[in-house]
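Next come the chains, spelled out residue by residue.
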Amino acid sequence: MTLPPFLRQALAGALLAGLGLSVLAPAAVQAAAPQVRTQAPGFYRMMLGDFEITALSDGTVPQHMDRELKDAAPGQVEALLARAHQTLPVETSINAFLINTGKQLLLVDTGAGRAFGPQVANRLVGNLRAAGYRPEQIDAVLLTHVHSDHSGGLVVDGQPVFPKARVYLDQRELDYWSSDEARAQAPEQKKPWFAAGRASLAPYAQDGRLRPFNAPQTLFAGVSVIPAPGHTPGHSFYVVESQGQKLVFWGDLVHAEAVQFPVPTITISYDSDQGTAAHHRLAAFADASREGYWVAAPHISFPGLGHVVPDGDAYRWLPAPYSLGVEKR
Ligand SMILES: [Zn+2]
């Protein structure tokens, strides 16, 4: 029997639909696959002129920002977090940043290592490897400051994680954390931070690989450091420039982006001098929004790369738009 074409098509369609139904039915059973529940490797790359910048995640750590943030009106922190659809505790990123200048490999901060225990953070080295580099390739570590979520990754079991790296930090930062007098004067809950900081620096000091500087100064071609005290006495910003592009590594200027961009005067308990920290935050927001350069921040949601723009009387963070433009073609 010969069927007209339109009927053949209709029959074929019906047959396929029937097959489709019979094929689709078992697929519903396959949907019971176990949930994988892992995240993508934590690195993100961009080019800054001739320099390759790689943001490296050390993980996230839950923070009770309602307790830690200071100089806010009652309920203000909770209201700002709610406006940003964030719940307490806030899952705060710990980011570090790798700069490949083409001549040297520089790591800005090291993450916490095991400072918060092996299960919290402690992902930097894994993500460094996932990003295509090895710890022994790092030529220099540039510390924004010595708090353990920035310097804890320097050591594991007393051994240096970066066996060839020199460690750069402000002389005032080194002096502060080395001082028994400063430790004696510190609030009780901050006293253990001195032992932790000293332990992170010790193997590098013993090898003669500490490089204290007096900011502001140029450290390498295209890489300089400026003082930004307040969060700690020797807290530093690193400034990287290549081919007319500029990126400023802030250190701990912002701990809660949903709160401190709209209200930059809100400080955090971790600041050693909250008034000076707030002053530097306002000045840095104004400068970044006026000049329009890139910013890298350790505790802004990973990858912590973006720009600052004015928003009414305050500021807003614009995260880097995701881009494959870094790839070689
Ligand atoms: Zn800090």
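Up top is the structure these notes are about.
Keep in mind it's a predicted model, so treat the numbers as computed, not measured.

Draft legend 1. Representation of the coordination of the zinc ion within the structure. Around the zinc ion, the protein contributes the donor atoms H145 (NE2), H147 (ND1), H231 (NE2) and D252 (OD), which lie 2.1 to 2.3 Å from the metal centre. One way to put it: the four donor atoms around the zinc ion meet at angles of 88 to 172 degrees, and that makes the site irregular. In the primary sequence, the donor residues of the zinc ion line up as H-x1-H-x83-H-x20-D. Here H147 is found in the loop between β6 (140-142) and α5 (148-151), whereas its partner D252 is found in the loop between β14 (245-249) and α9 (257-260), with 105 residues between them in sequence. Relative accessible area serves as the criterion here: at 4%, D252 is assigned to the buried category.

Draft legend 2. Region of the structure containing the environment of D66. Mapped onto the fold, D66 is located in helix α2 (residues 65-68). In sequence terms D66 and P89 are 23 residues apart; their C-alpha atoms lie 8.2 Å from each other. If we ignore the near neighbours within four places in the chain, the residues touching D66 are V77, E78 and L88.

Draft legend 3. Fine view of the layout of surface pockets. Roughly 750 Å³ of internal volume is contained in the largest pocket. Contributing to the lining of the largest pocket are 29 residues, with P41, G42, F43, Y44 and F302 lying nearest its centre. Every element with two or more residues in the lining of the largest pocket is listed here: β1 (43-48), β2 (51-63) and β4 (90-100). Size it by volume and the second largest pocket reaches roughly 360 Å³. If you trace the second largest pocket, you find 15 residues lining it, with F116, S148, D149, W193 and Y270 closest to the centre. Mapped by element, the contributors of at least two residues to the lining of the second largest pocket are β2, β4, α5 and α8 (192-206). For the lining of the second largest pocket, the class distribution of residues is seven nonpolar, six polar and two charged.

Draft legend 4. How the structure looks around the pairing of strand β13 (residues 236-242). Burial analysis of β13 places six of its seven residues in the buried class, which makes it a mostly covered element. When strand β12 (residues 223-227) meets β13, the two strands line up antiparallel, connected through five bridges. Counted as the bridge partner of V225 is Y238 from β13. Two elements, β13 and β14, share five bridges in a ladder whose sense is antiparallel. Of the residues in β14, the one forming a bridge with E241 is K246. Here β13 folds back onto β14, and the loop between the two strands holds two residues, one of which, Q243, carries a positive phi near 50 degrees.

Draft legend 5. Quick peek at empty space enclosed by the protein. In the structure shown here, the tally under the stated rule is one cavity of 30 Å³ or more. Space inside the largest cavity adds up to approximately 40 Å³. Counting residues per element, the lining of the largest cavity draws most heavily on helix α10 (residues 274-291), which supplies three residues. Taken together, the residues that form the lining of the largest cavity break down as five nonpolar, four polar and two charged.

Draft legend 6. Expanded view of the nonpolar core. Judged by nonpolar contacts, the single largest core of 28 residues is most densely connected at L107, I138, V141, L154, F162 and L201. Among the elements of the structure, β4, β5 (105-108), α4 (124-130), β9 (166-170), α6 (171-178) and α8 are those that each provide at least two residues to this core. Residue contributions to this core peak at three residues, all from α8. Residue contacts for L201: discarding those within four places in its chain leaves L143, V146, L154, V167, L169, L174 and L210.

Parameters at a glance
Residues numbered from 1 in each chain as written. Predicted model: local features only at pLDDT ≥ 70, side-chain atom pairs only at ≥ 80, totals over all residues. Heavy atoms only, no water. Donors = N, O, S within 2.8 Å, 3.2 Å for Na, K, Ca; no water. Tetrahedral: all angles 85-135°; square planar, octahedral: opposite > 155°, others 65-115°. Helix = DSSP H or I, 4+ residues; strand = E, 2+ residues; numbered from the N terminus. Buried < 20%, exposed > 50% of the residue type's maximum accessible area, 1.4 Å probe, protein only. Contact = heavy atoms within 4.5 Å. 1 Å grid on protein atoms, 1.4 Å probe; cavity = no way out; pocket = protein on both sides within 12 Å on 5 of 7 lines; lining within 4 Å. Points joined across faces, edges and corners; volume = space filled by probe spheres on them. Nonpolar A, V, L, I, M, F, W, Y, C, P; charged D, E, K, R; others polar. Pairing = 2+ DSSP bridges. Core = buried A, V, L, I, M, F, W, Y, C linked by side-chain atoms within 4.5 Å.

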